[in-house]
Amino acid sequence: VQLQASGGGLVQAGGSLRLSCAASGGTFSNYAMGWFRQASAKERAFVAGISWTGDSTYYGDFVKGRFTISSDNAKNTVYLQMNSLKPEDTAVYYCAAYTYMGQTIVTLRGHYDYWGQGTQVTVSS
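Positions within a chain are numbered from 1, following the residues in the order the chain's sequence is written. Local features in a predicted model are, by the rule used here, given only for residues with pLDDT of at least 70; side-chain atom pairs are given and counted only at 80 or more, and totals for whole chains, interfaces and linings are based on all residues. Derived side-chain values reflect all non-hydrogen atoms in the structure, with water molecules and hydrogen atoms excluded from consideration.

**A closer look at the pairing of strand S8 (residues 77–82)**
What counts, and what does not: The cut-offs for exposure are 20% and 50% of the maximum accessible area for each residue type, with area from a 1.4 Å probe on protein chains only; residues under the lower value are buried, those over the upper are exposed, and the others partly exposed. Elements are defined by DSSP. Helices are runs of H or I of four residues or more, strands are runs of E of two residues or more, and each kind is numbered from the N terminus. The rule for pairing is simple: two strands pair if DSSP sees at least two bridges between them.
Summarising burial for S8: five of the six residues are buried, a large majority. Direction of pairing for strand S7 (residues 67–72) relative to S8: antiparallel, over a ladder of six bridges. Looking at S8, one finds that Ser-71 is bridged to Val-78. Linking S7 back to S8 in an antiparallel pair, the connection comprises four residues, with Asn-76 at a positive phi of about 50°.

**Some points on the nonpolar core**
Short version of the rule: In this description, a nonpolar core means a group of buried Ala, Val, Leu, Ile, Met, Phe, Trp, Tyr and Cys residues linked to one another through side-chain atoms lying within 4.5 Å.
If you look at the biggest cluster of nonpolar residues, it comprises 28 residues, and the most contacted ones within it are Met-33, Trp-35, Val-47, Phe-67, Leu-80, Met-82 and Tyr-93. For this core, the elements supplying multiple residues, two or more each, are strand S1 (2–6), strand S3 (17–24), strand S4 (31–38), strand S5 (45–51), S7, S8, strand S9 (91–99) and strand S11 (119–124). The next biggest cluster of nonpolar side chains, apart from the first, holds nine residues, and it includes Ala-32, Phe-46, Ala-96 and Val-106.

**Observations regarding the side chain of Arg-66**
Put simply, the rule is: Polar contacts here mean pairs of N or O atoms no more than 3.5 Å apart (in protein, one a potential hydrogen donor and the other a potential acceptor; neighbouring residues in sequence count only if both atoms are side-chain atoms). Any two residues having at least one pair of non-hydrogen atoms within 4.5 Å are treated as being in contact.
Relative to the assigned elements, Arg-66 resides in the loop between strand S6 (57–59) and S7. Polar contacts involving the side chain of Arg-66 include one to the side chain of Asp-89, which spans 2.7 Å. Those residues in contact with Arg-66 that lie beyond four places of it in its chain are Gln-81, Met-82, Asn-83, Ser-84, Leu-85, Lys-86 and Asp-89.

**Description of the sheet that holds S1**
Hydrogen bonds between backbone atoms are what pair the strands of a sheet, whose relative direction is either parallel or antiparallel. Note the cut-off: Lines fitted to the C-alpha atoms define the axes, with helices restricted to the stretch that makes contact. Angles between their N-to-C directions range from 0 to 180 degrees.
If you trace the four strands from one edge of the open sheet to the other, you get S1-S3-S8-S7, paired in antiparallel fashion. A strand with exactly one partner marks an edge of an open sheet, and here the two such strands are S1 and S7. For this sheet, the mean angle separating the axes of adjacent strands, direction not counted, is 15°. Note that S3 and S8 share six bridges and pair antiparallel. Counterpart to Leu-19 in the pairing with S8 is Leu-80.

See below:
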C-alpha cells in the first residue's frame with residue numbers, strides 16, 4: 001500500500017486548505033484512513049479518521065468542527081478539508097491506513113500500518 005499526501009502550503013490564520021491522500025496498491029474497502037499531524041518538537045497526534053466506505057468518522061478534540069474528512073472511492077483518495085485555520089495548526093500532516101475491523105476509528109498511531117510522506121501546513125498569524 002502506498003499513500004501520497006499533498007495539498008499543504010502556507011495560509012493565513014482563518015484561511016482554508018484541503019489535503020489529499022491518494023492510495024494505491026491495495027484493496028481499500030478493507031481499510032480505514034487517518035490523518036495525523038506532527039508539530040515541531042511534539043509527538044504525532046491524531047487529527048481525523050474515516051472508514052473507506054465513509055460510514056464511520058472520528059475527529060481529534062482540537063478539530064472542534066473546523067476540519068472535515070471525506071473519501072472518494074472512485075479516486076482512491078481521502079481528503080481533509082481544514083477551515084478556520086490557526087497558527088497552532090502548523091505541522092506536517094501525514095495520512096495513514098490500517099485494516100478496518102469495524103466500529104470506532106482507531107486514534108493510536110501505532111495501530112496504523114501504512115504511512116504517507118507528509119505534507120507541510122504552515123498557518124501565519
